[in-house]
Amino acid sequence: MTQARGHAIVIGAGVAGLLAARVLTDTFDRVTLVERDELTANETARRGVAQAWHLHGLLDRGRRIMEQLYPGFTGEAVADGATVTEVLVGTRWYIGGARLAAGSTGLTSVIATRSLLETVLRRRTLELRGIELLTRTTVRGLVGDAQRVRAVTVSGPAGPQTLTADLVVDASGRGSRITQWLTEIGAEAPAEARLDVDLGYASRFFRHRPGQLGGQASVIVSTGANGRGGGAVRVEGDRWHVTLAGMLGDHPPTDDAGLGDYAASLSAPDIHTIVVGSEPLGEAVPYRFRTAVRRRFDRQSAHPAGLVVLGDAQCAFNPLYAQGMTVAALQAVALRDCLAATDTDLPARFYAGAADAVALAWQLAAGSDLRHRGVEGRRTLRTRLTNVFVGRVQRVSHRDPRVARAFLRVAHLVDPPAALTAPGTLRRILLS
Ligand SMILES: Cc1cc2nc3c(=O)[nH]c(=O)nc-3n(C[C@H](O)[C@H](O)[C@H](O)COP(=O)(O)OP(=O)(O)OC[C@H]3O[C@@H](n4cnc5c(N)ncnc54)[C@H](O)[C@@H]3O)c2cc1C
């Protein structure tokens, strides 16, 4: 049994912060979640997570981890209104201009808004022993030096304060000030890898009618050669949540006619049929995501003790690939495993432990982005060969459900990419 470790502070009560708080309660006496926003149940989105207006797919690897950390998570989401179905059985996916062959994938899809998922995680986390949540409280900086972080400074309803901690976890999202905070205490800031995708989203809710989409719960149209894609998912409240997306500045408009025309330009008609055939609920909401950013803490030779950074604050992925919540879950598991071992060199061990998961997700997303000529970045021979192979996998997936299954299990981070080169699968990919 591991020894209790005192007090941990988690900056940000988003998905990554909640998952981090959950694993910290295994070994810390007290865990304080510090959150800038006021939190109310079932808000569609709040200021700190404006992305919650937009479609959030939960990869099955992430769901499985959440189920492990919070037994009964999937059932609780369903009780709150989520739909659960099997990927490619109750859902459809178009990629490369055609539909993936339907069939069993063994992957579970929990279809809900991001706020429903976050509400379940928050409820379960706040039930844990030793947890405290401070809302309307903003972390302003770190207290410490290059050797150790000892506290954070905050401002909130009780005025400015310093909160001491044995461990500080930054889970404050893609807008994290961690680079500035580290510099202020004389510690080294990490190098950053960046990929400019200039992605634009527009999302709107519509009333769902029985029988639409052949009774299926979601359709995803991956960005085709024109860089446009989207999704329509049947979420709680018997609504369609529709998101349209375009890369490299070709962003969807938010007016009725523009949204409909943009949906009509996708490589499959299903989303357009839903948009023009359903009653809109509220206005369309835009979002602009310019750059995917990976902060390379794993490459630093020294870290201040008492601080780790996870979630989007460490790596903010292009959201098209729905990886962010799942990578946050994988990082939480890496943190749990490091804490279960020893206290020595926690940050270095954590960044090394999380690096494989982050690197794989980054590589899958960047590889896909680099298929678009307009995305600037180095295309190594390996990237180009991988993209040729992935293109072939996708084409075969249109007619072979077993290859579609293998492909989606890799995309859901459930199976490693090597599963696609297992002899039986590779034969089907190359010879079919
Ligand atoms: C448009 C869009 C669509 C996405 N779609 C998907 C998807 O389909 N699937 C998927 O898995 N992921 C998706 N993501 C990514 C996903 O939202 C995040 O990866 C995931 O929520 C983990 O983020 P996080 O918890 O690190 O940060 P966030 O969710 O951004 O949470 C950060 C929290 O910190 C708080 N905070 C910020 N600064 C401070 C401070 N100084 N003091 C106190 N509190 C602070 C904020 O209020 C917020 O609550 C999408 C992202 C975007 C932008």
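Please refer to the structure placed before this passage.
Residues numbered from 1 in each chain as written. Predicted model: local features only at pLDDT ≥ 70, side-chain atom pairs only at ≥ 80, totals over all residues. Heavy atoms only, no water.

## A word on the side chain of Glu118
With respect to the secondary-structure elements, Glu118 resides in helix H4 (residues 114-126). Glu118 sits in the buried class, given a relative accessible area of 3%. The contacts of Glu118, once residues within four sequence positions are left out, are Ala13, Gly14, Val15, Leu18, Arg46 and Val49. (Helix = DSSP H or I, 4+ residues; strand = E, 2+ residues; numbered from the N terminus. Buried < 20%, exposed > 50% of the residue type's maximum accessible area, 1.4 Å probe, protein only. Contact = heavy atoms within 4.5 Å.)

## Points about unusual backbone geometry
Comment: phi is negative for the bulk of residues other than glycine, and the bulk of peptide bonds are trans. Despite not being glycine, Leu88 has its phi angle at roughly 70 degrees, a positive value. Along the chain, Leu88 falls in the loop between strand S3 (83-86) and strand S4 (91-95). By relative accessible area, which is 3% here, Leu88 ends up buried. Although it is not a glycine, Leu248 sits at a positive phi angle of roughly 55 degrees. By relative accessible area, Leu248 is classed as partly exposed at 39%.

## Observations regarding the packing of aromatic side chains
Centre distance and the angle of the planes are the two values used to describe a pair of aromatic rings. Under the definition given, this model contains four aromatic pairs. Put simply, the rings of Phe297, Phe350 and Tyr351 pair up and form one aromatic cluster. In this structure, Arg239 packs its charged tip against the face of Phe205, placed 4.4 Å from the ring centre. (Phe/Tyr/Trp six-rings, centres within 6.5 Å; stacked < 30°, edge-to-face > 60°. Lys NZ or Arg CZ within 6 Å of the ring centre and 35° of its normal.)

## Comments concerning the side chain of Asp170
Locating Asp170 in the fold gives a position in strand S11 (residues 167-170). In this structure, Asp170 is buried with no salt-bridge partner, the nearest side chain bearing the opposite charge being Arg295 at 6.0 Å. A polar atom in the side chain of Asp170 sits 2.7 Å from the side chain of Ser172. (Lys, Arg positive; Asp, Glu negative; His and termini not counted. Salt bridge = Lys/Arg side-chain N within 4 Å of Asp/Glu carboxyl O. Polar contact = N/O pair within 3.5 Å; in protein donor to acceptor, adjacent residues only side chain to side chain.)

## Quick look at the site of the ligand
Around the ligand, the structure places 32 residues, and the nearest of them are Glu35, Gly57, Arg114, Asp312 and Met325. Between the ligand and Gln51, the relevant distance is 3.1 Å, taken from an oxygen atom to a side-chain nitrogen or oxygen of the residue. Notes on the ligand: free accessible area 1000 Å², of which the protein chains cover 96%. Sorting the residues of the shell around the ligand by element identifies helix H1 (15-24), strand S8 (138-144) and helix H8 (324-341) as the ones contributing at least two each. Split into classes, the residues belonging to the shell around the ligand amount to 13 nonpolar, 13 polar and six charged. (Near = heavy atom within 4 Å. Areas by Shrake-Rupley, 256 points an atom, 1.4 Å probe, with all protein chains shown as cover. Nonpolar A, V, L, I, M, F, W, Y, C, P; charged D, E, K, R; others polar.)

## So, the sheet that holds strand S7 (residues 131-134)
On the basis of which strands lie adjacent, the open sheet formed by five strands has the order S7-S2-S1-S11-S17 and parallel pairing. Each edge of the open sheet carries a strand with a single partner, namely S7 and strand S17 (307-309). Each strand of the sheet is rotated relative to its neighbour by a mean of 20 degrees, with strand direction disregarded. Where strand S2 (residues 30-34) meets S7, four bridges bridge the pair, whose relative direction is parallel. When the bridges of S7 are listed, Leu33 appears paired with Leu133. Where helix H9 (residues 346-369) meets the sheet, it contacts S11 and S17, and its direction lies at approximately 15 degrees from that of S17. (Pairing = 2+ DSSP bridges. Axes fitted to C-alpha atoms, helices over the stretch in contact; angles between N-to-C directions.)

## With respect to the pairing of S2
It is a general feature of regular strands that their side chains alternate between the two faces of the sheet. Counted residue by residue, S2 has four buried out of five residues, so it is predominantly covered. Pairing analysis gives five bridges linking strand S1 (residues 7-11) to S2, with the strands arranged parallel. Bridge assignment links Ile11 to a residue of S2, and that residue is Val34. Considered for its hand, the β-α-β crossover made up of S1, H1 and S2 is right-handed. (Right-handed = clockwise from strand over helix to strand, strands pointing away.)

## A word on the environment of Val285
As for its placement among the helices and strands, Val285 is situated in strand S16 (residues 280-295). A sequence separation of 210 residues divides Val285 from Gly75, and the C-alpha atoms of the two residues are 30 Å apart. In this structure Val285 touches Trp53, His54, Tyr201, Ala202, Ser203 and Thr254, once residues within four positions along its chain are discounted.

## Digging into the packing of H1 against H4
Axis separation between H1 and H4 bottoms out at 10 Å; the angle between their running directions is 25 degrees. When the axes of H1 and H4 are compared, the pair comes out roughly parallel. Crossing hand, H1 versus H4: left-handed. When H1 is examined against H4, the residues Val15, Leu18, Leu19, Ala21 and Arg22 are found in contact with a partner set consisting of Arg114, Glu118, Leu121, Arg122 and Thr125. Across the contact of H1 with H4, the residue classes break down as five nonpolar, one polar and four charged. (Parallel < 35°, antiparallel > 145°, perpendicular 65-115°, else oblique. Left-handed = near helix turned anticlockwise from the far one by under 90°.)

## Things to note about the sheet that holds strand S9 (residues 149-156)
Taken in spatial order, the three strands make up an open sheet running S8-S9-S10, and their pairing is antiparallel. Single-partner strands in this sheet number two, and they are S8 and strand S10 (159-164). Here the strands of the sheet are splayed against their neighbours by 25 degrees on average, with no regard to which way each runs. Pairing of S8 with S9, which is carried by six bridges, proceeds in the antiparallel orientation. When the sheet's bridge partners are listed, Gly141 is paired in S9 with Thr153.

## Let's talk about the packing of H8 against H9
Relative to each other, H8 and H9 sit at 150 degrees, their axes nearing to 9 Å. As the angle between them shows, H8 and H9 are arranged roughly antiparallel. Considering only the axes of H8 and H9, their crossing is right-handed. Seen from H8, the contacting residues are Val327, Leu330, Gln331, Ala334, Leu335, Cys338, Leu339 and Ala341; seen from H9, they are Leu346, Arg349, Phe350, Gly353, Ala354, Ala357, Val358 and Ala361. Here the residues of the contact of H8 with H9 are counted per class, giving 13 nonpolar, two polar and one charged.

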